[in-house]
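Examination of the molecular architecture
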Amino acid sequence: MKLLLNLLCVLFLLMGAITTAQVKIGNNPNTIDPFSILELESSETVLVVTRITDAEMAAILPLNGAIIYNTSQNCLFQYRNNNWESLCNGGILVDNNDGTYTFTNDNGGIVSIDTNAIANPYNNATSGLAAMNIQDAIDELSGLASNVSLIDNADGTYTFTDAAGNTVTIADTSISTLIDNTDGTYTYTDELGNQTIIDTSFIESLTSLGLNASQTGLEYTDEDGVITTLDLTTVVQNLETITTLVDNTDGTFTYTNEAGTPVTIDTNAAETLTTLVLNADDTNLDYTDEDGVTTQLDFTSLVQNLETITTLVDNTDGTFTYTNEAGTPVTIDTNAAETLTTLVLNADDTNLDYTDEDGVTTQLDFTALVQNLETITTLVDNTDGTFTYTNEAGTPVTIDTNAAETLTTFVQDDTSATGEITYTDEAGNPSTAQVVSSDANNNIQVGLDGGAFLAGPTICAAGKILSTGTAAAGFNATASLINTGDYQITFDNDLGTTSYVIQLTITDLLGVGNDDPNISYYDQQSDGFKVNVGDNDNGGSDRADFNSEFMFSVICLPGFGNGGSTGGGGTSTGSATPTGTPGTGFNLNNFGDAGNFQLAFNAGNNGGSTWETLITNRPYSTLPSDLSATVNGTLVPITFVSEDNGDGTFNHLISSSTPLPAFNPSVTISGGATGGGAGTQNSGQCSCISFFTN
């Protein structure tokens, strides 16, 4: 068995040498340039490249550098820069820089090309044409060309008729043949009938495997004539009983095994490019011949019939006794040769990595093993704060989490100016955090939902308007051209106030035409405004209107308007019918005097909106203690925030998160007894109220 394995190793080494060999075909096969992978040498035969037609050539896209012979054009072609290029056409064209060119073809012939029409005027004396000018000559040549024809006679010949009516029969010689002579030679006949004999018998290279002269090793000669000698003396002496391998000098070898049985090995039919490998089942040899056909050789019976018994005994002292087939014992001492091995868990937590003394790592996958041996554990929620865990042995354990539970709280104070959040841990210790800073001049406020928002100016509408009145870009507004130089800007939603800021800008005309442009607004309404563009003419005359591109932006300030919905007004008289202009302020000398006031809306514009009322410059510090609000007679929850103005007056923001109903809703704010300072008034100051929806 060990001899068989060693012979397999020898064969594997030989196959490795074959895969790296260079190839020389033709004369002097043992002489090859070290940088060549393939060389051809012959004084009698030649290399014939692939022969294909135009259509076949166009259908393939090989690597750049590929060469073929085009049988349609009888020419070599090279695939270069991803394109087929003919190697039959060539030459050099030189520009003489005087209107002439000199062309030198591949055969050294020189042709001069003169492009100067003046230097070569039309002359029919040498052309044989009747025409007296170039146009007539072209027409005459065109007529003559129409008489030219080439007809396929469908018998391998063609009939050509020239302009004068003369006919010529052309034989088709484009057919070439290649005949296998079945003796290792081929006869090639080209399109002209020339024959070439191709001898392939010399291409086959021979390899040999035989005993060396000392009868102690194998000598392997590869296709390049390189000889590799393998000395088997030590291998045979240590591992095997006596066998013989005799070279019969006729291409055969006689192998006699330990039992004296001879086997003849015939290498005459052996071919290059074959493989012999051990199958993955560790039982068969897979031999693949030159045609790729694999034959499987089962060595089970052979080994069982031929194998003799060897033993290896552990002496438990670091030594082993090996007895070979002849009964000769050999002691192996491992004490001095011990190296380290490792066995570690792989990072994938699935495999064990075993590294032997040579540093070779073998990975052992324990997935299937664990799945076969693993028992099942369970964890069941009893829905009463306890869990039951059952281990692999089936023993249940109850886990009670009821006694371990503690309570924490997380509360936000929505009424504080900073929206303070208090967290109380299990031990009752509070920790606070502010949503909004209490620093002065801070415009960030706490909303009804406890979130922070910026109570500052906002862009309600903006746009870039073309000279035609079309909006190239717009936000919450549309535009139209009224007449020359006048434009209408209309908001998508009524702002409920005219107290908004308008910013206008016009494109620079660079001092051309209307060289002193100006832009202004007029007719400012809660739902839009108008824009005028004109040329001031340096103040020398009235403005001359003209159409021009311009840009605008509308800024809404806090407390003015409703940010896009229609607002109403209030009155201090207690009347159910409000007076005044929607969105403007109303004078309230004293909240207690009014008793209540009502805010009304335009019909149908505010359904689903929440609302806020801002009372500014109040001459007392608090609102009535029993302040309430009703919407269409129904009480709604409200909140309010007071701000000290530092001059004895306060601003109060009253708000509700209850959405307004549709169809002309109204809000009535009422109060009875007032807070401190009720019934007083700061002389000359006005208490104004503004209403807006969110």
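Structure report, in brief. Just so it is clear, the model here is predicted, and its values are computed rather than measured.

Reading guide: rules and limits
Residue positions are given per chain, counted from 1 along the sequence in the order it is written. This being a predicted model, a pLDDT of at least 70 is required before a residue's local features are given, and a value of 80 or more before pairs of side-chain atoms are given or counted; all residues contribute to the totals for chains, interfaces and linings. To get the side-chain values, all heavy atoms of the structure are used, and hydrogens and water are removed first. One bridge is not enough; two strands pair if DSSP finds at least two bridges between them. For helices the rule is a DSSP run of H or I covering at least 4 residues; for strands it is a run of E covering at least 2, with both sets numbered from the N terminus onward. Angles shown run from 0 to 180 degrees and are taken between the N-to-C directions of axes, each axis being a line fitted to C-alpha atoms and, for helices, limited to the stretch in contact. Every case where a carboxyl oxygen of Asp or Glu lies within 4 Å of a side-chain nitrogen of Lys or Arg is listed as a salt bridge. Residue burial is assigned from relative accessible area. The probe radius is 1.4 Å, only protein chains are included, and a residue is buried under 20% of its type maximum, exposed over 50%, and partly exposed in between. Here a pair means two rings of Phe, Tyr or Trp (six-membered ring of Trp) with centres within 6.5 Å. Their orientation is stacked below 30 degrees between planes, edge-to-face above 60, and tilted elsewhere.

Section: the sheet that holds strand 28 (residues 342-345)
Reading across the sheet, the 3 strands line up as 28-29-30 and stay open at both edges, with antiparallel pairing between neighbours. Looking along the sheet, the strands with just one partner apiece sit at the ends: strand 28 and strand 30 (361-365). Each neighbouring strand pair of the sheet contributes to a mean axis angle of 20°, computed without reference to strand direction. For strand 28 and strand 29 (residues 351-355), the ladder comprises 4 bridges, and the chain directions are antiparallel. Directly across from Thr342, in strand 29, lies its bridge partner Thr355.

A short note on the pattern of salt bridges
With the rule as written, the count across this model stands at 5 salt bridges. For Lys24, the salt bridge goes to Glu39, with nearest N and O atoms at 3.6 Å. One end of the pair, Lys24, is in strand 1 (residues 23-26); the other, Glu39, is in strand 2 (residues 38-41), with 15 residues separating them in the sequence. Across the pair, Glu39 and Lys24 agree in class, each one buried. Connected via shared salt-bridge partners are Lys24, Glu39 and Glu41.

Describing the sheet that holds strand 18 (residues 227-231)
As summarised here, the arrangement of the 3 strands in space is 16-17-18, forming an open sheet in which the pairing is antiparallel. Of all the strands in the sheet, just strand 16 (208-211) and strand 18 have a single pairing partner and so form its edges. Recorded for the sheet is a direction-independent mean angle of 20° between the axes of neighbouring strands. Strand direction decides the pairing type here: strand 17 (residues 217-221) and strand 18, joined by 5 bridges, are antiparallel. Residue pairing for strand 18: Thr221 is matched across the bridge by Ile227.

Some remarks on the packing of aromatic side chains
Aromatic rings in a pair are described by how distant their centres are and how their planes are angled relative to each other. For the coordinates displayed, the defined rule picks out 5 aromatic pairs. Ring centres of Phe491 and Tyr500 lie 5.4 Å apart, and the angle between their planes is 75°; this geometry places the pair in the edge-to-face category. When sorted by exposure, Phe491 lands in the same class as Tyr500, which is buried. Between Phe529 and Phe552 the ring centres are 6.1 Å apart and the planes differ by 80°, which places this aromatic pair in the edge-to-face class. Within this pair, whereas Phe529 is found in strand 45 (residues 528-535), its partner Phe552 is found in strand 47 (residues 550-556), the two being separated by 23 residues in sequence.

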